[in-house]
Each structure stands twice: as C-alpha cells, then as structure tokens.
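If you want the building blocks of each chain, they are given just below.
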Amino acid sequence: MAIQARRGKLNGGREQNAAEDLSLTSVEQATGMIRQAILSGQYGPGERLKVAELSNQFGFSPMPLREALRKLEGEGLIEIEPNRGATVRQLDRHFVEDLFEINAELRVFALKRGIRMMTLEKIDALEAIATAFEEAIEREDFETGLALNREFHAKIVEIGGNFEALRMFLRGWELIGAFRRRFGYGEGRQRGLAREKRMLIDAIRRQDLQLAEAIIRMQHAAATEDMLNRFHENESIE
C-alpha cells in the first residue's frame with residue numbers, strides 16, 4: 001500500500017509537471033501569436049484586446065491568454081489599465097530606437113564582463129555560428145539566418161555570465177525578430193551583419209575590448225538605421 005501510495009504521488013507529480021509544461025507552452029504560443037498580430041498591424045494602436053475574442057481567434061483558453069497579455073505588457077507592446085483592460089500601444093520610431101539601444105548596451109555590458117574569460121573553445125563556437133549564418137544568407141534562408149543572428153549575440157551575452165542580462169536580451173530579441181519577420185532587411189544588410197560578426201570575433205580574439213565595443217555600436221547604428229528605413233518604406237508605423 002505504501003509503495004502504491006508513493007507511486008501515486010510520483011504519477012501525480014508527473015501529471016502536474018506535464019500540465020505545467022503544457023500551460024507554459026500555451027502561454028509562449030499565445031504570446032508569439034498575439035505579438036505577431038500586433039506587429040503585422042492586425043491590431044492597431046489603441047485597440048482593445050479582449051480575452052474572449054482572442055480565445056475565439058487563436059483557440060486558447062482564457063488562462064494562458066491572460067498570462068500572454070501580461071508578458072506582452074512587460075515587453076511594452078500593450079498597456080493594461082484598470083477598468084479598461086489591455087490596449088495596443090503606439091509603436092513609433094522612439095520605441096524601435098529604445099529597443100535597439102537596450103539590445104546594444106546589453107551586449108557591451110556582457111563583453112566587458114566576459115572578454116577576459118574568453119577561451120578558444122568559446123571563440124570557436126562563435127565562429128561556427130558566424131559560418132552557419134553566412135551559409136544561410138547565401139542560400140537566402142531567412143528564418144535560419146534570423147535564428148543564427150540571435151544565437152550569435154545571445155552567446156556573447158551568455159559568456160558575460162549575468163543571467164538577468166541574458167533574460168532581458170532574449171526578451172528584447174523576440175520583438176526584434178518579430179519586426180524583422182514583418183519588415184525584413186534592406187539591401188546588403190545581411191551581408192553587413194556577416195562582416196560585423198567576423199570583425200567582432202577578431203576583436204575578441206585579440207582581447208581588444210575598445211575595438212569590440214566600437215564594432216557593436218557600429219552594428220547598432222546600422223541595424224537601427226536599416227529598421228527605421230524599412231518602416232518608412234512600408235509606411236506601416238507613423
């Protein structure tokens with residue numbers, strides 16, 4: 001009986017863990033779908049996001065949708081107010097500039113912490129990602145290239161050793177990735193990204209923090225300018 005009771009507790013624990021994993025997956029899926037709907041213009045600035053309507057559209061129950069809305073509030077895409085609920089905020093050039101600036105500063109912060117702890121193994125890992133990125137853009141594989149670009153910079157932040165910085169970086173990159181999926185890159189920008197990666201790896205190998213920081217800031221300026229130009233060309237965000 002005692003063994004059966006323990007088995008019951010173990011099975012119950014597994015079922016609870018499975019339910020929690022399923023719930024987490026649902027929240028992440030719902031967050032991604034609503035995020036993309038906002039950035040694609042399906043939901044405009046000031047528009048209310050009602051849980052019942054979102055449930056009908058995306059097929060999720062209210063609980064993961066409410067959690068998804070809280071996550072999107074944390075990302076700055078929506079505002080949640082008492083007696084009004086969730087509304088889409090205005091996405092303008094200042095929002096984009098702030099987003100890209102935070103992304104760059106987190107990478108600079110990570111490099112300052114991590115460059116002295118770089119090893120050949122870590123540099124080899126960065127070079128492997130850079131090579132895979134170059135191969136992806138040569139075959140015009142947009143999604144793989146986007147994922148590898150995220151992986152490259154996340155690896156640098158990870159090497160910095162600050163988990164909260166990495167968490168903030170990844171959260172911001174979800175937005176950047178969504179923007180890129182909607183607007184793409186300007187002519188030659190992806191090849192510029194490939195060159196910048198090689199330059200940054202070379203600076204890291206030389207333990208030249210000043211040069212590495214300068215390359216990140218140069219990349220930040222080019223990425224921000226490119227994204228704002230894409231906005232202007234598409235006339236999607238005023």
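Please refer to the structure placed before this passage.
Residues numbered from 1 in each chain as written. Predicted model: local features only at pLDDT ≥ 70, side-chain atom pairs only at ≥ 80, totals over all residues. Heavy atoms only, no water.

## Remarks on unusual backbone geometry
Cut-off, in case you're wondering: Strands here are runs of E lasting at least two residues and helices are runs of H or I lasting at least four, both read from the DSSP assignment and numbered beginning at the N terminus.
For glutamate 140, which is not glycine, the phi torsion reads 60° and is therefore positive. Summarising the element assignment, glutamate 140 is placed in the loop between helix 5 (120–138) and helix 6 (142–159). Here the phi dihedral of glutamine 207 falls at roughly 60°; this positive angle occurs in a residue that is not glycine. Structurally, glutamine 207 is set in the loop between helix 8 (189–205) and helix 9 (209–234).

## A closer look at the sheet that holds strand 2 (residues 78–81)
Quick note on the threshold: A pair of strands is labelled paired if DSSP reports no fewer than 2 bridges between them. Should any heavy atoms of two residues lie within 4.5 Å, those residues are considered in contact. Simply put, an axis is a line fit to the C-alpha atoms, just over the touching stretch for a helix, and the angle between two N-to-C directions goes from 0 to 180 degrees.
With respect to topology, 3 strands assemble into an open sheet ordered 1-3-2, the strand pairing being antiparallel. One side of each edge strand has no neighbouring strand; the edge strands of this open sheet are strand 1 (48–49) and strand 2. Relative to strand 3 (residues 85–88), strand 1 is paired through 2 bridges, and the arrangement is antiparallel. Of the residues in strand 3, the one forming a bridge with leucine 49 is alanine 86. Against the sheet, helix 3 (residues 62–75) engages strand 1, strand 2 and strand 3, with an angle of about 115° to strand 2.

## What about the environment of asparagine 162?
As a reminder of what qualifies: Residue burial is assigned from relative accessible area. The probe radius is 1.4 Å, only protein chains are included, and a residue is buried under 20% of its type maximum, exposed over 50%, and partly exposed in between. For the purposes of these results, a polar contact is taken to be a pair of N or O atoms within 3.5 Å, where, inside protein, one atom must be able to donate a hydrogen and its partner to accept one; residues adjacent in sequence count only when each atom of the pair is a side-chain atom.
Here asparagine 162 is to be found in the loop between helix 6 and helix 7 (163–183). Residue asparagine 162 is classed as partly exposed on the basis of its relative accessible area, which comes to 24%. It is 8.5 Å that separates the C-alpha atoms of asparagine 162 and arginine 113, two residues lying 49 residues apart in sequence. Among all residues touching asparagine 162, those that are not within four sequence positions of it are Phe109 and Arg113. Of the polar contacts made by the side chain of asparagine 162, one reaches the backbone nitrogen of alanine 165; its length is 2.9 Å.

## Considering helix 6
Side chains that are three or four residues apart share a direction in an α-helix, a result of its 3.6 residues per turn. The condition that has to hold: Expected span of a helix: the number of residues minus one, times 1.5 Å.
With 18 residues, helix 6 extends 26 Å from end C-alpha to end C-alpha; this agrees with the ideal 26 Å at 1.5 Å per step. Listing the buried residues of helix 6 in full gives Gly145, Leu146, Leu148, Asn149, Phe152, His153, Ala154, Ile156, Val157 and Ile159. The secondary structure elements touched by the buried residues of helix 6 are helix 4 (93–114), helix 5, helix 7 and helix 8. Glycine 161 occupies a position one or two residues after helix 6 and carries a positive phi of about 85°.

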